[in-house]
Each structure stands twice: as C-alpha cells, then as structure tokens.
Amino acid sequence: MDDFRDLYQQLILDHNQNPRNFREIPDTDLLLDGHNPLCGDRIKVYIRRGDKRITDISFTGSGCAISKASASIMTTILKGKTFDEAKKIFDNFHRMITTGDANLEEMGKLAVLAGVHQFPARVKCAALAWHTAMSILNDKTHDIVSTET
Ligand code: ZN
C-alpha cells in the first residue's frame, strides 16, 4: 500500500511540476475562469469543440499541487472524448473524490486522486478544473465558476 501511495504522490508531483496542456487555446470562445476561494486556486479552462467532441482542452492559472495536477490529468483524459463521455467520467470522478466509492481500475490515471476524499478541504481543489470544464460543456460560459456556490 505504501508503494502505491508513493506512486500516486509521484504522479501528482509530476503533473504539478510538468502540467500537461498548460497553455491557452487562442481561437476558442469556450473558456471559463474557475476559482476556489477556500484554497486560492485560480484556473482558466479552454476547450475547442468539433462535432460534440472535445478536440482540444487546456488550462492556465495557478493553484496548489492538487488543483494543478487534477487539471493536468483532466486535460489528458478528456481530450478526444464526446461531451456525454466527459460528463460520465466527471460523475464517476466526482463520486470518487467525495465518497471514495470508485472502480479504481476503470478510473485509470484519475485513481491517483482517490485519496482526496479523506481530506474534505482538498476535494474542492481536485474538483475545480472539472467543475469549470463541465460548466463550459453545459453552456454556462458567462460566469466565474466558484466552488463556494
Ligand atoms: Zn487548492
């Protein structure tokens, strides 16, 4: 179990230090700011869509290691997915980080964040990028997403 925990911590550290898809997508109007006031995490998520599918997704901003790693892993998972697939993955991910209930094999890389449910204060850090991305997919492009609402 300790080996697994080490592996998970290394993955989070790696995504925090070398975040994937950490860039703007200049020519899209699907972008939204996300803010977690509890921790001070501020990120912006960008999505490019083609035919109900996420053809590109990226993020910018700053935050704690959990929020950044979660955003980074999210972009690698959601790229190429349909909106419906993305929402289903979010539902599973959200259940995992809030209750710990998850099929870790099915969760793939997201399983590194399974332990977050033991730390309620960090759940919002892990969920921030996802809430922001889901708000974009649900056409709520006019507001700042806040984990406090
Ligand atoms: Zn945070």
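Our subject is the structure that appears above.
Bear in mind that the values here come from a model prediction, so they are computed numbers and not experimental data.

Participant: So what's going on with the sheet that holds strand β4 (residues 145-146)? Which residues, and what values?
Facilitator: If you walk across this open sheet you meet the four strands as β3-β2-β1-β4, and the pairing is mixed. Of all the strands in the sheet, the pair left with one neighbour each is β3 (53-62) and β4. Relative to β3, strand β2 (residues 41-50) runs antiparallel, the two being bridged by nine bridges. For glycine 50, the partnering residue across the bridge sits in β3 and is arginine 53. Strand contacts of helix α2 (residues 65-78): β2 and β3, with the helix running at about 165° to β3, the strand carrying the most contacts.

Participant: Can you tell me about the pattern of salt bridges, naming the residues and giving the values?
Facilitator: Tallying each qualifying case throughout the model produces seven salt bridges. Between arginine 48 and aspartate 56 there is a salt bridge; the shortest N-O distance is 3.8 Å. According to the relative accessible area criterion, arginine 48 is partly exposed, its value standing at 29%. Here lysine 79 ties to aspartate 56 by a salt bridge, and the two come within 3.5 Å at their closest N and O atoms. Of the two residues, lysine 79 sits in the loop between α2 and α3 (83-99) while aspartate 56 sits in strand β3, which places them 23 residues apart along the sequence. For aspartate 56, a relative accessible area of 10% gives the class buried. Taken together, the shared-partner salt bridges in this structure form one network comprising Arg23, Asp27, Arg48, Asp56 and Lys79.

What counts, and where the lines are drawn
Residues numbered from 1 in each chain as written. Predicted model: local features only at pLDDT ≥ 70, side-chain atom pairs only at ≥ 80, totals over all residues. Heavy atoms only, no water. Pairing = 2+ DSSP bridges. Helix = DSSP H or I, 4+ residues; strand = E, 2+ residues; numbered from the N terminus. Contact = heavy atoms within 4.5 Å. Axes fitted to C-alpha atoms, helices over the stretch in contact; angles between N-to-C directions. Salt bridge = Lys/Arg side-chain N within 4 Å of Asp/Glu carboxyl O. Buried < 20%, exposed > 50% of the residue type's maximum accessible area, 1.4 Å probe, protein only.

Interpretation in functional terms is not warranted from these geometric data alone.
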